[in-house]
Amino acid sequence: MSLRERLIAEIVERGPIRVSDYMDRCLHDPADGYYARRPDLGSQGDFITAPLVSQIFGEMLGLWAITIWDGLGRPARFRLVELGPGDGTMMSDVLRAGRAAPTFLAAAEVWLVETSTPLQAKQAARLAGTGVNWAKNLGEVPTNAPVIILANEFLDCLPIDQWVADAGGLRERCVGVDASGKLAFVSRNANGYSASSGGVVEERSAALEAFGEGIGELLAGTPGAGLFIDYGRDRKGPGDTLQALRGHQKESPLASPGHADLTAHVDFPAFMAAAKRGGADIAPLLTQAEFLRRMGIEVRASALARTNPAKSDLITRQLERLTSAAQMGELFKVARVYSPLLAPPPEPR
Ligand code: SAH
């Protein structure tokens, strides 16, 4: 039975499920989940991410990691952790930038936090020979050394719940089955469930908040910092941001469970507040363009274009894609979270 058929059977038997449960099943169901079974990143796949646009993206993150390591007092051993490393491209670019600081590279023990078996295999192939370690979640990574955490497009996979404004007030939007036997959004009211008519007015991710608190607690006890890049909002915003992408096309999140990547805009204020509650220091949120410019992306792009004159136009287009307001520059945000043990702050805030 397909994931769709199984979900329908379960809902018919036990009732509608929360949007977060639906997302979780679509992404991680062991038999049919998108990441568990058929993740397909890149220009030929379902979606493209910044590290796949240009090697410079990962290199800038590598420079940031070196800055933090320097601020940590250049420890002889630290853990360089990436959450949701995709096909391993970003970590290989981070490590390339690390060659500029051989003692940094020698001190780094690389950990990849990944749930997807097919993606772990891709990471192993791309990073062969670099001695990386894998964990299924951040809790499995030892904490007896400083830690520098990087994550691009990881937070947007954490499941959200949604509420709609119906005639009767605020009601939770759930995934049910309609009269014709198809998956449909329904809203929950005092008498049970009804077809969901009103628009989504609130989204909340308990998983994002729990994860943020966990990061805060980790950094409260272990020197280090984390960098979280994702598409998302810098203030609370009403509206439906649950999105399914398949073959670079948006489709209904209910259209093909397990066959499309399912994400939501990251609620950065909620994430940062949770990290602070957990005990971390947080820096002001930056846009991706601001962050990359601070790290010197323009200088790096010019240098790369000088050594590859034939690719100069391509490099300019890639730079544009990462930093322009019309493309990824402003929709994507950068959250920086520090251990309070890291004082003074390692970079301008
Ligand atoms: N960072 C990569 C890939 C982004 S896709 C890039 O920018 O190209 C999301 C990644 O997060 C995938 O590697 C996916 O398998 C992983 N992932 C999703 N949910 C996860 C979870 N709960 N725990 C660990 N990894 C997860």
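Structure: above.
In this text, all values refer to a predicted model and were calculated from it rather than measured experimentally.

J.: Is there a simple way to explain the site of the ligand in this structure?
T.: Thr-49, Gly-84, Gly-86, Glu-114 and Asn-152 are the nearest of the 18 residues found near the ligand. Contacts to the ligand include Gly-84, whose backbone N or O atom sits 2.7 Å from a nitrogen atom. At 2.7 Å, a backbone N or O of Asn-152 approaches a nitrogen atom of the ligand. Bound to the protein, the ligand loses 93% of the 570 Å² it would expose on its own.

J.: What exactly am I supposed to notice about the packing of helix H5 (residues 55–71) against helix H12 (residues 297–307) here?
T.: Angle between the axes and distance between the axes are the two parameters that describe a pair of packed helices. At a closest axis distance of 11 Å, the pairing of H5 and H12 adopts a crossing angle of 130°. On the basis of their axis angle, the class for H5 and H12 is oblique. Along this stretch, H5 crosses H12, giving a crossing that reads as right-handed. Where H5 approaches H12, its residues Gln-55, Ile-56, Glu-59 and Met-60 are matched on the opposing element by Ile-297, Arg-300, Ala-301 and Leu-304.

J.: In this structure, what is going on with the packing of aromatic side chains? I would like to understand it.
T.: Within a pair of aromatic rings, the relevant descriptors are the distance that separates the centres and the angle that separates the planes. Per the counting criterion, the structure on display carries eight aromatic pairs. Both rings, one in Phe-211 and one in Phe-271, keep their centres 6.4 Å apart while their planes meet at 15°; by these two values the pair is stacked. Placement of the pair is Phe-211 in helix H9 (residues 206–221) and Phe-271 in helix H10 (residues 268–278), with a sequence separation of 60 residues. Through a chain of ring-to-ring contacts, three or more aromatic side chains come together here, namely Phe-154, Phe-211, Phe-228 and Phe-271.

Definitions and cut-offs
Residues numbered from 1 in each chain as written. Predicted model: local features only at pLDDT ≥ 70, side-chain atom pairs only at ≥ 80, totals over all residues. Heavy atoms only, no water. Near = heavy atom within 4 Å. Polar contact = N/O pair within 3.5 Å; in protein donor to acceptor, adjacent residues only side chain to side chain. Areas by Shrake-Rupley, 256 points an atom, 1.4 Å probe, with all protein chains shown as cover. Axes fitted to C-alpha atoms, helices over the stretch in contact; angles between N-to-C directions. Helix = DSSP H or I, 4+ residues; strand = E, 2+ residues; numbered from the N terminus. Parallel < 35°, antiparallel > 145°, perpendicular 65-115°, else oblique. Left-handed = near helix turned anticlockwise from the far one by under 90°. Contact = heavy atoms within 4.5 Å. Phe/Tyr/Trp six-rings, centres within 6.5 Å; stacked < 30°, edge-to-face > 60°.

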